[in-house]
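Structure assessment
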Amino acid sequence: MVETPYRHPSSSSSSSSSMADTERANIRNICILAHVDHGKTTLADHLIAAAADGLVHPKQAGRLRFMDYLDEEQRRAITMKSSSVTLCFHDIYHINLIDSPGHMDFCSEVSTAARLSDGALVLVDAVEGVHIQTHAVLRQAWTERLSPCLVLNKIDRLITELKLTPIEAYSKLVRIVNEVNRIMSAYKAEKYLSDVDSLLAGAAGEILENLELVEDDEEITFQPQKGNVAFVCALDGWGFRINEFADFYASKLGASSAALQKALWGLKYYNQKTKMIVGKKGMGGGSKARPMFVQFVLEPLWQVYQAAMEPDGAKTLLHKVIKSFNLNVPARELQHKDPKVVLQAVLSRWLPLSDAILSMVVNCIPDPMRAQSFRISRLLPKREVSEDGPSSNVLAEAELVRKSVEACDSSPEAPCVAFVSKMFAVPIKMLPQRGPNGEILNNSTDEDGSGESDECFLAFARVFSGVLFTRQRVFVLSALYDPSKGESTTKHIQEAELHSLYLMMGQGLKPVASAKAGNIVAIRGLGQHILKSATLSSTKNCWPFSSLMFQVSPTLRVAIEPSDPMDMGALMKGLRLLNHADPFVEVTVSARGEHVLAAAGEVHLERCIKDLKERFARVSLEVSPPLVSYKETIQGEVTDVLENLNLSGGSLDYIERKTPNGRCCVRVQVLKLPPALTKVLDESSDLLGDIIGGKLGQSKKSNETQRSTRLEDDNPIEALRKRIMDAVEGDILGGTEESDKDQAEKCKAMWLQFLKRIWALGPRQIGPNILLTPDSRGVDTEFPVLIRGSSHVSERLGFVNESSNGRMDAEPSPLVTPALCREAESLESSLLSGFQLATAAGPLCEEPMWGLAFVIEARISPLEGQQSNELETSYQPLEQYGIFTGQVMNTVKDACRTAVIKKKPRLVEAMYFCELNTPTEYLGPMYAVLARRRARVLKEEMREGSPLFTVHAYLPVSESFGFAAELRRWTSGSSSALLVLSHWEALPEDPFFVPKTEEEIEEFGDGSSVLHNTARKLIDAVRRQKGLPVEEKVVQHATKQRTLARKV
């Protein structure tokens, strides 16, 4: 059957279609995504050998690992960066292939590859099946709206290693395809339900109008009969899709190729007597009936393997296959003593891998025109502009640019728009010496501002509209640029000149004079203007592309310094270059002046340190032990709020502090938030920053990495409010018994009231801690005026319609004057600042607080001798204690920290989700390693068809350093582990535990000899690292000093 390539309608509907349309219709941009060691680079080798004009010899394909050109990649045998190569298929189609890493430490490279692609080849090992990183890359493909194709790799291992029969292998393949489809269906259902919720949250009249916009797409994503699933062995260079066998058997069985293609997957059987394709019932009672995929595809494949691999195999079968398919196999390869060479020679010519994969890419992945029209809502989502915003000309031009991107307009008149997903460093000596027309180039120019550095920075980019050419001047737009605000956002736009354009061929670069829409190129000349990613545009009136979504955040931090202090300048320059070259690394300076390097994991960190030593800084470095982040919270259940919260009723469950001058009394009570609410606030910090405005325009990194983590939502505020309310209800009502229902309902009602009193979030105004407005019912004659605040956040989130403006409804009293009320209003910012400082540095080890709600009641009294009409007198006698606003800020901070100490503080640590694969004989040593590192095992199961156990566990981040090396050492290299940041979890141990009861004293001693528990050890380690005081005994065992003579 001849398939119709995936073409844009305009390229076939009109005979006068332009040459540009034909060129774009023949372009495919794809990336290879998979779990680590599932065969991405090996597959890329064979595609390059077949379609990259002799870059790789076919004999070396699969073993050369052409795309892994870094020494560290070859040494570790894993891919560490995404790199591109251009393939030519049938002299018509130009395929830009991007190979990406599979290791979780380099997931940022997956994000950069996915943004520039229109489709994805998702590889899955046929033996190992779906792994945790497979979930991650499928989520990435779904988020970026890529068209995925499934490639089941290492089919040969089912035959040679597992010794499965064809029917057993078929069952395993069906399970893998179904599991991948279930993952994709979950993502579709998640989007469908969110769309329905957003519609139901609107007005009733709008539901019917908008309901047609929600599509319940129940079509299965991966179906072999559709042609988007391939079965391959990348190492040996063979692979097939079902349509190839359907074409072969069509004439033999007297059936159409289309009918056979539908029947060759699933429970379809071929009745030899009637020569009909039937279901299970049509086969009668025969128990030996085999599905057509087993009978016509797998069994011939198994027979070829048996004929080649077994000593007594029927060699005549190989000659029959060669004759039937008219294969040209050299006699010397057929007579080779190694059966693997014979097998590879026959199968790579019978079922060539490159033909199967590239034909699937051409037919199942859309061209740039069709892909960009589908992806436009992700790339350039529509923005809401205020009525008093820019002129209509600006918006009209911005909309014209958006339509050009949507249509992938490659005409010279179209606005030129490109997206740079990352910057990468290349040694200057690796740059081409001649230009596109053979002219000699001068590569020594320092347009990157790197001085005498031997590295040159290139931009990894894709042209989405127009034509990009050398020496063109373009505008570089950061993620925060807003064309509707005109001059106010000029700091987010720069003008740059493009020095050179290159076509990427793995490590090689091919100079080109121009690049049309739909192509992927490397650009030189932007090193001074782009740090990580940016949008390039020929006009200022263009919205920037949505930011990249990263699956994890840099959690592993180390402090670095040069071994020789004289090399500090070289280190700082090297850190700047490294921060520029790596899309995910973070370089900061701590409060103590240390240079802190943050990476995604141990492997990523090791590569960064190696690059610093050998490429960027070229100095000897001293690296500190890993710096682990913690959080601080309190012990307690959410339902305890009814007993604890009685601030206005004279309860003693609060902390009271006064400012040094005695004019302000601060009372603080702290409550624990429901865990689900804490998680929602933490995950939605990007959206909260946009809604509240706390970080908007201040933190570039926050916006670039987090704003894009949410998918488009018509009403994000409504969706977030619903998530918050669902989290509160789920946590409070979820685990309660029938007898406690009444109390749970009261607790729920009280928390819903709290949601209407949210004054601020912290730390950084978007954190998972809440400041509630105080209850104003109490009366205090000594401190008559209350700093009331306003429900600012509740108003923005829609929990209340109107927010209190903070003005005092003063009680009739001669002490309450308008000046005193205005002073109370002016102190609101001081109270907020104290709250932010307290939540940013807790009392245990100055780590951020986690999941706490604070009720701060601050009252002020009039200054002695203050007149009713004078506000200025309150600011005169300040010399003794300092500025009054600073006193209030410091008192609020101290009161909040003391309140946390009083409510049984607990340390919260980050947890990894750990997936381990271990042979049965090494289960014992593996569990011993997990136990030593405080891991909590979730489940273990034996993987069907293999001798391996798969174990899932939670592992503290602080215990993860060196975990993989220790695991390999104790299991003789037989175990592998993958770590993914999962969640935050509070340690149940009391860091200040002292035995008090008789049972505790009997078990732990009288207190003087009690060793510090895990929580206290972690706290002390962090305090030592930060230079904070630590309570510890300098002399552990005080005995009389003696000098012992050594007598021989």
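In the block above lies the structure referred to throughout.
Residues numbered from 1 in each chain as written. Predicted model: local features only at pLDDT ≥ 70, side-chain atom pairs only at ≥ 80, totals over all residues. Heavy atoms only, no water.

1. As for the sheet that holds strand β23 (residues 621-623)
Here four strands make up an open sheet; going across it, the order is β21-β22-β20-β23 and the pairing antiparallel. In this open sheet, the two strands that pair with only one neighbour each are β21 (586-589) and β23. In this sheet, adjacent strand axes meet at a mean angle of 30° when their direction is disregarded. Pairing between strand β20 (residues 556-562) and strand β22 (residues 595-599): five bridges, direction antiparallel. Across the sheet, L556 pairs through a bridge with A599, a residue of β22. Running over the sheet, helix α20 (residues 602-616) touches β20, β22 and β23 and is turned about 135° from β22. (Pairing = 2+ DSSP bridges. Helix = DSSP H or I, 4+ residues; strand = E, 2+ residues; numbered from the N terminus. Axes fitted to C-alpha atoms, helices over the stretch in contact; angles between N-to-C directions. Contact = heavy atoms within 4.5 Å.)

2. Details of the pattern of salt bridges
This structure, assessed with the given rule, holds 41 salt bridges. For R615, the salt bridge is made with E455, and the minimal N-O distance between the two is 2.8 Å. With R615 in helix α20 and E455 in strand β11 (residues 455-465), the pair connects residues that are 160 residues apart, well separated along the chain. The salt bridge partner of R1016 is E1031, with a shortest N-O separation of 3.7 Å. Here E1031 lies in the segment after α34 (1014-1026) and R1016 lies in helix α34, a separation of 15 residues in the sequence. Using a relative accessible area of 64% as the deciding quantity, one classes E1031 as exposed. Look at the salt bridges and you will find they share partners, linking E72, R75, R76, E606, K610 and E614 into a network. (Salt bridge = Lys/Arg side-chain N within 4 Å of Asp/Glu carboxyl O. Buried < 20%, exposed > 50% of the residue type's maximum accessible area, 1.4 Å probe, protein only.)

3. Quick look at a negative patch on the surface
On the surface, a cluster of negative charge is contributed by E998, E999, E1002 and E1003. Along the chain, E999 turns up in helix α33 (residues 998-1004). (Patch = residues over 30% accessible without salt bridge, like charges linked within 9 Å, V, L, I, M, F, W, Y side chains within 5 Å. Areas by Shrake-Rupley, 256 points an atom, 1.4 Å probe, with all protein chains shown as cover. Lys, Arg positive; Asp, Glu negative; His and termini not counted. Charge placed at Lys NZ, Arg CZ, Asp CG, Glu CD.)

4. Regarding the sheet that holds strand β14 (residues 493-497)
Consider a sheet: its strands pair through backbone hydrogen bonds, and that pairing is either parallel or antiparallel. In space, the eight strands of this open sheet follow the order β14-β13-β19-β10-β11-β18-β15-β16, with antiparallel pairing throughout. Only two strands of the sheet have a single neighbouring strand rather than two, namely β14 and β16 (508-512). The mean inter-strand angle of the sheet, taken between neighbouring strand axes irrespective of direction, is 40°. Pairing between strand β13 (residues 473-477) and β14: five bridges, direction antiparallel. When the bridges of β14 are listed, F475 appears paired with E495. Of the strands in this sheet, β10 (417-427), β11 and β18 (520-524) touch helix α5 (residues 107-116), which is tilted by about 135° from β10.

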